[in-house]
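A closer look at the structure
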Amino acid sequence: MAEVVRMTKDEITERCRWAREHNAGRPSRQWPVGEQLAVALVLRDRAWLESTNHSTETATELVCEQARLSAFEFTGWLNDIRAVLESDRSG
């Protein structure tokens, strides 16, 4: 069984920065699926989710499992990452 690596806010924030700076705001297909989905959720990229055959709900479930977050914690996790990314743009 593959080991589940915990996705941290800092790791996903860096993936989001990379996606915005180098890949037109899209996750890299080279990343683990959970990271791809987390970045797509943070950046609100429904087209990416659909291209991977995930709905927002199924992507959220997978990311919550891999990041070891409850659904309630996940909302704060997303918002924290989005706030950092927004401050990058305004700063």
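Residues numbered from 1 in each chain as written. Predicted model: local features only at pLDDT ≥ 70, side-chain atom pairs only at ≥ 80, totals over all residues. Heavy atoms only, no water.

1. Looking at unusual backbone geometry
Defined as follows: Strands here mean DSSP runs of E at least two residues long; helices mean DSSP runs of H or I at least four residues long; both are numbered from the N terminus.
The phi dihedral of R44 is positive, around 55°, even though this residue is not glycine. Checked against the element boundaries, R44 lands in the loop between α2 (33–42) and α3 (46–51). With phi around 55°, R68 is a residue other than glycine that occupies positive phi space.

2. Quick notes on the pattern of salt bridges
Heads up, the rule is: Any carboxyl oxygen of Asp or Glu within 4 Å of a side-chain nitrogen of Lys or Arg constitutes a salt bridge here. To sort residues, take the accessible area from a 1.4 Å probe on protein chains only and compare it with the maximum for the residue type: under 20% means buried, over 50% means exposed, and anything in between is partly exposed.
Taken as a whole, this structure holds 6 salt bridges when the rule is applied. D80 is the partner of K9 in a salt bridge, and the nearest nitrogen-oxygen pair spans 2.6 Å. One end of the pair, K9, is in helix α1 (residues 9–22); the other, D80, is in helix α5 (residues 71–90), with 71 residues separating them in the sequence. Judged by its relative accessible area of 35%, K9 falls in the partly exposed class. For D80, a relative accessible area of 36% gives the class partly exposed. With its nearest N and O atoms 2.5 Å apart, the salt bridge here joins D45 to R26. On the criterion of sequence distance, the pair formed by D45 in the loop between α2 and α3 and R26 in the loop between α1 and α2 is long-range, its members being 19 residues apart. Classification of D45 by relative accessible area gives buried; the value is 9%. What emerges from the salt-bridge pattern is a single network uniting E14, R17, R20 and D88.

3. Points about α5
How we decide: Each residue after the first adds 1.5 Å to the expected span of a helix. Note that the arc is computed from the directions linking the helix axis to the C-beta atoms. Residue contacts follow a heavy-atom distance rule, with two residues in contact if any of their heavy atoms lie within 4.5 Å.
The end-to-end C-alpha separation of α5 is 29 Å, in line with the 28 Å expected for 20 residues at 1.5 Å each. Buried within α5 are the following residues: F74, W77, L78, I81, R82 and L85. The arc enclosing the buried residues of α5, seen along the axis, measures out at 125°, which places them on a common side. Those residues of α5 that are exposed and angled more than 90 degrees off the buried face are F72 and S90. Residues of α5 that are buried sit in contact with α1, α2 and α4 (56–67).

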